[in-house]
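# A closer look at the structure
Below are the chains, spelled out letter by letter.
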Amino acid sequence: MESLFALTQDILKEVPNLMTWTTVGGTVAIYMSIVRYMRYQNLNYIIKKYPDPQQVLDDLEIAKEIFAITMKKEFPYLARQGTELALFKTFTVPTISKILAGTGEFGNNCPRRAEDTELIVSEMVDATGRVMNQLETNPNTPKKDIEEQYQRERDAVTHLNNMHAKYRILNDDYIYTAVLFVTEPVSWVNRFEWRKLDVREINAMFRVWYDISISMKIKDFPDTPEKLFQFKDLYGEKAVKYSPNNWKCGEPITRLLITRVFPSFLQEKGYQLMLKVIPSILEPHDTKAFQLPYEESKVITRTIHGFLWLRAMVTRYFMLPRKKCASRTPFYANSEGKFVPEYFNYKPHIYKDGYRIPELGPEKFLKQKCPF
């Protein structure tokens, strides 16, 4: 009888602990259920509003809406990494790297060249996301202010065309560059994000870059997503090859990127580490085109993939979705008529006082050079 009484007392002592763990477990389960529900709201919205994927290919405005939701709200981090990798991969084509190396811009003023490139590309694709953000904040935003966002798109394309016109760039090199802006973000998101892309989202990315390419007067651009992915593979096999100019473009960008991770006194070691990491990020033929000193390390590859898998799981089950589109380009100009980036990726902060689209690039570049 005494032993039964003692056992009962022990059980009663554990009740508060059991209740505490039950409460914690229940709270976590409820939170994860909320995250799960909210995480799929954007995708469910897209599928419900546009049940036929062909709608996205047929209507540019639909494509821009989905592009903004997917690239700027659902997956802004890896979409950006994929876009950066797309630019990096263009250096593996000797007919491209020869022009870039010849300008001397990457070697002499890499931070500004990188910033110019990113801001021009952002101006070409950010308008719809900016409008969505602005209308959430102020539904009564004047129509002329909204139209100005799309005019900035057109201004950025015109500015880019004017710069490119100074160079004899192969049409297929134009196509390959634009194609990579679709295939690389798609690849990174599908492999490493918390969910894969829906066909409507891929169609949206294709249609947005298809129209940009047509506006740039690129000829024979692939007219379906399937042809676009096929072109990437076929042209990559033919055109990606070694040239000394390839790493003349790749090295300054690599050194710039490590400044975001390593302090100044560790940057040389960081650079040597990146030489070992890059083969785990690029495709084999891209690595060969750079003739890097190291081959792919399975340990490094597994480490990178493991980190990205863990990030995806945390995002999927514990991170609430973004409410607004991520955009570096602001909706309104400042009092001087310049656009001040919402945040900066490189040091020094090149455009801390703002930029005008026609002025992106140094003075000599505006007259002669082309940054990409």
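Right above here is the structure, for reference.
So, here is what we can say about the structure in this document. Just so we're clear, the structure is a prediction, and the values are computed from it rather than from any experiment. (Residues numbered from 1 in each chain as written. Predicted model: local features only at pLDDT ≥ 70, side-chain atom pairs only at ≥ 80, totals over all residues. Heavy atoms only, no water.)

## Some thoughts on a negative patch on the surface
Negative charge collects at one region of the surface, where D52, D58, D59 and E61 lie side by side. Relative to the elements of secondary structure, D52 occurs in the loop between α2 (41-49) and α3 (53-58). (Patch = residues over 30% accessible without salt bridge, like charges linked within 9 Å, V, L, I, M, F, W, Y side chains within 5 Å. Areas by Shrake-Rupley, 256 points an atom, 1.4 Å probe, with all protein chains shown as cover. Salt bridge = Lys/Arg side-chain N within 4 Å of Asp/Glu carboxyl O. Lys, Arg positive; Asp, Glu negative; His and termini not counted. Charge placed at Lys NZ, Arg CZ, Asp CG, Glu CD. Helix = DSSP H or I, 4+ residues; strand = E, 2+ residues; numbered from the N terminus.)

## Some thoughts on the packing of aromatic side chains
What characterises a pair of aromatic rings is the spacing of the ring centres plus the angle enclosed by the ring planes. Applying the stated rule across the entire model yields 15 aromatic pairs. Each ring, one from F231 and one from Y235, has its centre 5.3 Å from the other, and the planes form 15 degrees; the classification is stacked. With F231 and Y235 both in helix α12 (residues 225-239) and 4 residues apart, this pair spans about one turn of that helix. Taken as a pair, F231 and Y235 share a single burial class, namely buried. Ring centres of F339 and Y355 lie 5.9 Å apart, and the angle between their planes is 50 degrees; this geometry places the pair in the tilted category. Of this pair, F339 sits in the loop between α16 (298-318) and α17 (363-367) while Y355 sits in the loop between α16 and α17, and the two are 16 residues apart along the sequence. The class of F339 is buried, set by a relative accessible area of 10%. Exposure remark for Y355: the relative accessible area of 2% places this residue in the buried category. Taken together, the ring pairs in this structure connect F88, F91, W247 and F290 into an aromatic cluster. Note that R255 overlies the ring of Y271, its terminal NZ or CZ placed 3.7 Å from the centroid. The cationic tip of K276 hangs over the ring face of Y294; the distance from NZ or CZ to the ring centre is 5.2 Å. (Phe/Tyr/Trp six-rings, centres within 6.5 Å; stacked < 30°, edge-to-face > 60°. Buried < 20%, exposed > 50% of the residue type's maximum accessible area, 1.4 Å probe, protein only. Lys NZ or Arg CZ within 6 Å of the ring centre and 35° of its normal.)

## Focus on the environment of R39
Looking at the secondary structure, you find R39 in helix α1 (residues 2-39). For R39, a relative accessible area of 6% corresponds to the buried category. Residues R39 and R316, 277 residues apart in the sequence, show an inter-C-alpha distance of 7.1 Å. In contact with R39, not counting residues within four places along its chain, are E74, W194, T315, R316, M319, L320 and P321. Only 3.3 Å separates the side chain of R39 from the backbone oxygen of T315, close enough to count as a polar contact. Here the side chain of R39 touches L320 through a polar contact of 3.4 Å, landing on its backbone oxygen. (Contact = heavy atoms within 4.5 Å. Polar contact = N/O pair within 3.5 Å; in protein donor to acceptor, adjacent residues only side chain to side chain.)

## Digging into the pattern of salt bridges
All told, the structure shown has 26 salt bridges when counted by the stated rule. We note a salt bridge from E283 to K89, for which the minimum N-O separation is 2.5 Å. Note that E283 is positioned in the loop between α14 (267-281) and α15 (284-290) and K89 in helix α5 (residues 76-89), a separation of 194 residues in sequence. For the salt bridge of E123 with R152, the shortest nitrogen-to-oxygen distance reads 2.9 Å. One end of the pair, E123, is in helix α7 (residues 105-125); the other, R152, is in helix α9 (residues 143-164), and 29 residues separate them in sequence.

## Re helix α4 (residues 60-74)
Here α4 contains 15 residues, and its C-alpha end-to-end distance of 20 Å stays within 8% of the 21 Å for a straight helix at 1.5 Å per residue. Within α4, 14 of the 15 residues are buried, which leaves the element mostly enclosed by the surrounding structure. You can read the cap of α4 off the contacts: a side-chain oxygen lies 2.9 Å from the backbone nitrogen of E61, and it is on D59. (Expected span 1.5 Å × (residues − 1).)

## Re the nonpolar core
Judged by nonpolar contacts, the single largest core of 88 residues is most densely connected at F88, F91, M124, W209, F221 and W247. Those residues within four positions of M124 in sequence are excluded, and the remaining contacts are E153, A156, V157, L160, W209 and I212. Core analysis: the second largest hydrophobic core is formed by 5 residues, A127, V131, I146 and Y150 among them. (Core = buried A, V, L, I, M, F, W, Y, C linked by side-chain atoms within 4.5 Å.)

## A short note on helix α6 (residues 94-103)
Of all the positions in α6, only P94, I96, S97, L100 and T103 are classed as buried. In the core, the buried residues of α6 are packed alongside α7, α10 (171-192), α12 and α13 (244-258). Looking at the residues trailing α6, positive phi occurs at G104, about 75 degrees.

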